[in-house]
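# Descriptive analysis of the structure
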Amino acid sequence: MGSDPKRFYPAVELMAGVLVALAWVFALDNRRELTEDELIMTISTGLIAAAAATATTLLIRLSGRGHEAELNQLTDDARRDALTGLFNRAELFRVLDESIVAAQRQGMVLGVLFLDLDRFKQVNDTMGHEAGDELLKIVAQRLQSTIRSTDVVARLGGDEFVVLCRDLIAADSVVGMARQILRRFDDPVSVRGLDHRIGTSIGVAIATPDDSRSADDLVRDADAAMYRAKHSKAGIVVFDDAHRLQMADRQDIERDLRTAVERGELVVHYQPIVDVTGRRLHGFEALVRWNHPDRGELNPAEFLHIAGEAGQIGWIGDFVLRQACSQAAAWNEASSAARDLKMSVNLAEAQLLDPKLGLRVSEILSWAGLPPDQLVLELSEAIAIEHVEGLEELRHLRGLGVEVAIDDFGQSAMGLVKDFDLVTTLKIDKHFVRDMRAGDADRALIEAAVTVARSLGMGVVAEGVEFEDQMVTLQELGIDLMQGYLFSEPLAADGIEPARWFPSAADTAP
Ligand code: C2E
Ligand code: MG
Ligand code: MG
């Protein structure tokens, strides 16, 4: 409405000047009659003084206005991402907070789209950071030109962006917006004369007017949906109630895992690996289980990946190694026949990446009193291939006599198999064994694996043997060592009677 009193300051100052001049004239006039010249001089001096005062204050005020503009610029900079000029994280959250309140008041739908570029790292790694920065600026412009004037786009950092879709009537419109953005990524981005198809994954969180989620919650949920979109290569994933439950579940599992060992809830079961030809026990595979107080017995597939992502694998791995090694040493004590047995323990990705893995394992072996050549470390082929650098630690252990098995062998481990100084055993994945009956391809693959293993002097173990005919076929293919429900499920240690499983124990008994 323009009622700022500062607007009237110059006029007030001018009037004050005139009043001062008049007062002066009046005072002089009281003492004696002024000549006409003196009167004009006095009045004009007063007026000039008043004008000068006014001009000075105007000048001061104008320069103050410049300062204000500068201040405005500074606060604007603090709200924006320096590289792209988009809103930054803090500003996004401020705007989102306001938008949530407005949407609830007006009964509108609010959409939060969390974007993570798909192949940004490649550009950054191969062409350098400056090219990466250029790409981010182009993406920012593209996003800005795709959204509507009511929407807001922000950069959270790295290659992560958030688009806020405001003033929508239906949830579908949010998804429509996400699709539109995804389509914009079909066009390649040209950086330094090279076209890059970068693509993006978008996670969507939709808040209807009755939604009680905070700004933090919405961004977290959109982020979680983005993670799924990325891993499922789905492009767009909308966060829903099922995700909410799963996330809560995950957090519970993570929390409970922290105390699972102290409370004795983690246990190790042992599944026999048998030599079907010699009709004797070859060894055991140690498989972890979690006796959860509310959920019952959980299989590794239900908690190990969560433990991995939460950084809890290290101590679970140590726990299993300790249990398995001391159990094997106890069986050695119980029966001299057990001294030929192998104890296989699975290694997780984080364990392979641990530069102290060699030290840890050798410490555990001597703590348990188990000869190193009775321990087999199993490494799934996917992990082994991804972290070839981590194999050095294993090589050190191999030098001590510890064996190394490539687990779930069959998809792409051929390259690793060359390393026969390191790898002692191939464990054929249970999927090949399961499908062996249906197609010839699986049988041929197993045959090939056996040929390779034999010519390199490696052992072969077939996993997941459930039926007699599978056993017979595998035997025909030249495999002696097998593991599967046909022989036994994984058993708790106290379910394994040395007298039954190591028959020669009777011979050596006094
Ligand atoms: P894996 O190392 O390939 O272990 C073999 C899996 O096949 C075990 O599942 C076992 O119970 C199951 N199995 C055995 N015989 C049969 C059969 O005849 N048919 C079928 N369908 N399955 C059979 P489990 O115990 O659920 O373990 C799953 C995976 O979890 C393991 O696969 C291993 O990769 C991982 N894992 C288990 N324990 C540990 C551990 O202590 N540390 C780490 N890092 N991973 C573990
Ligand atoms: Mg295994
Ligand atoms: Mg396996």
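You'll find the structure just up there.
Below is a summary of the structure that appears in this document. (Residues numbered from 1 in each chain as written. Chains lettered and ligands numbered in written order. Predicted model: local features only at pLDDT ≥ 70, side-chain atom pairs only at ≥ 80, totals over all residues. Heavy atoms only, no water.)

## Brief notes about the sheet that holds strand 1 (residues 109-117)
With mixed pairing, the five strands of this open sheet are ordered in space as 2-3-1-6-7. The sheet is open, and its two edges are formed by strand 2 (152-157) and strand 7 (236-238), each paired on a single side. Neighbour-to-neighbour, the strand axes of the sheet open up by a mean angle of 20 degrees, direction not taken into account. Of the pairings in the sheet, the one linking strand 6 (residues 200-207) to strand 7 comprises three bridges and is parallel in character. Note on strand 7: the bridge partner recorded for Val204 is Val238. Taken strand by strand, helix 6 (residues 171-184) contacts strand 1, strand 3 (160-168), strand 6 and strand 7, and its axis lies near 165 degrees from that of strand 6. (Pairing = 2+ DSSP bridges. Helix = DSSP H or I, 4+ residues; strand = E, 2+ residues; numbered from the N terminus. Axes fitted to C-alpha atoms, helices over the stretch in contact; angles between N-to-C directions. Contact = heavy atoms within 4.5 Å.)

## Overview of the coordination of the magnesium ion (ligand 3)
Expected angles at a metal are 109.5 degrees for tetrahedral coordination by four donors and either 90 or 180 degrees for octahedral coordination by six donors. Summarising the metal site, the magnesium ion (ligand 3) is bound by the protein donors Asp407 (OD), Asp408 (OD), Glu463 (OE) and Glu463 (OE), whose distances to it range over 2.2 to 2.3 Å. In primary sequence terms, the donor set of the magnesium ion (ligand 3) follows D-D-x54-E. In this structure the magnesium ion (ligand 2) is found 3.9 Å away from the magnesium ion (ligand 3), and Asp407 serves as a bridging donor for the pair. With Asp408 in strand 13 (residues 403-409) and Glu463 in the loop between strand 15 (459-462) and helix 18 (468-476), the pair connects residues that are 55 residues apart, well separated along the chain. What makes Asp408 partly exposed here is its relative accessible area of 25%. (Donors = N, O, S within 2.8 Å, 3.2 Å for Na, K, Ca; no water. Buried < 20%, exposed > 50% of the residue type's maximum accessible area, 1.4 Å probe, protein only.)

## Describing the site of ligand 1
The environment of ligand 1 is made up of 22 residues, and the closest members are Glu285, Asn346, Asp407, Glu466 and Tyr485. Here Gln271 contributes a side-chain N or O atom positioned 2.9 Å from a nitrogen atom of ligand 1. When ligand 1 sits alone it has 800 Å² of accessible area, and the protein chains cover 82% of it. Only strand 9 (280-292), helix 9 (300-309), strand 11 (342-347) and strand 13 provide two or more residues apiece to the shell around ligand 1. (Near = heavy atom within 4 Å. Polar contact = N/O pair within 3.5 Å; in protein donor to acceptor, adjacent residues only side chain to side chain. Areas by Shrake-Rupley, 256 points an atom, 1.4 Å probe, with all protein chains shown as cover.)

## So, the coordination of the magnesium ion (ligand 2)
Coordination of the magnesium ion (ligand 2) by the protein is provided by Glu285 (OE), Asn346 (OD1), Glu378 (OE) and Asp407 (OD), with metal-donor distances spanning 2.0 to 2.2 Å. Of note, the magnesium ion (ligand 2) draws all its donor residues from one chain, in the sequence arrangement E-x60-N-x31-E-x28-D. Since its relative accessible area comes to 3%, Glu285 is described here as buried. For Asn346, a relative accessible area of 28% corresponds to the partly exposed category.

## A few points about the environment of Ser99
Mapped onto the fold, Ser99 is located in helix 3 (residues 89-106). The exposure class of Ser99 is buried, given its relative accessible area of 6%. For Ser99, the contacting residues outside a window of four places in its chain are Leu110, Leu164 and Arg166. Side-chain polar atoms of Ser99 contact the side chain of Arg166, separated by 3.1 Å.

## What to know about the packing of helix 8 (residues 241-260) against helix 9
In a packed pair of helices, the relevant descriptors are the angle between the two axes and the axis-to-axis distance. Two elements in contact, helix 8 and helix 9, have axes whose closest approach is 10 Å; the angle formed by their N-to-C orientations is 80 degrees. By the angle class used here, helix 8 and helix 9 are roughly perpendicular. Mapping the contact onto sequence places Arg250, Ile253, Glu254 and Leu257 in helix 8 and Glu302, Phe303, His305, Ile306, Ala307 and Glu309 in helix 9. Here the residues of the contact of helix 8 with helix 9 are counted per class, giving five nonpolar, one polar and four charged. (Parallel < 35°, antiparallel > 145°, perpendicular 65-115°, else oblique. Nonpolar A, V, L, I, M, F, W, Y, C, P; charged D, E, K, R; others polar.)

## A closer look at the environment of Gly358
Summarising the element assignment, Gly358 is placed in helix 12 (residues 357-368). Residue class for Gly358 comes out buried when judged on its relative accessible area of 0%. Taking the C-alpha atoms as reference, Gly358 lies 5.9 Å from Leu397; in sequence the two are 39 residues apart. Excluding its chain neighbours within four sequence positions, the residues that come into contact with Gly358 are Glu393, His396 and Leu397.

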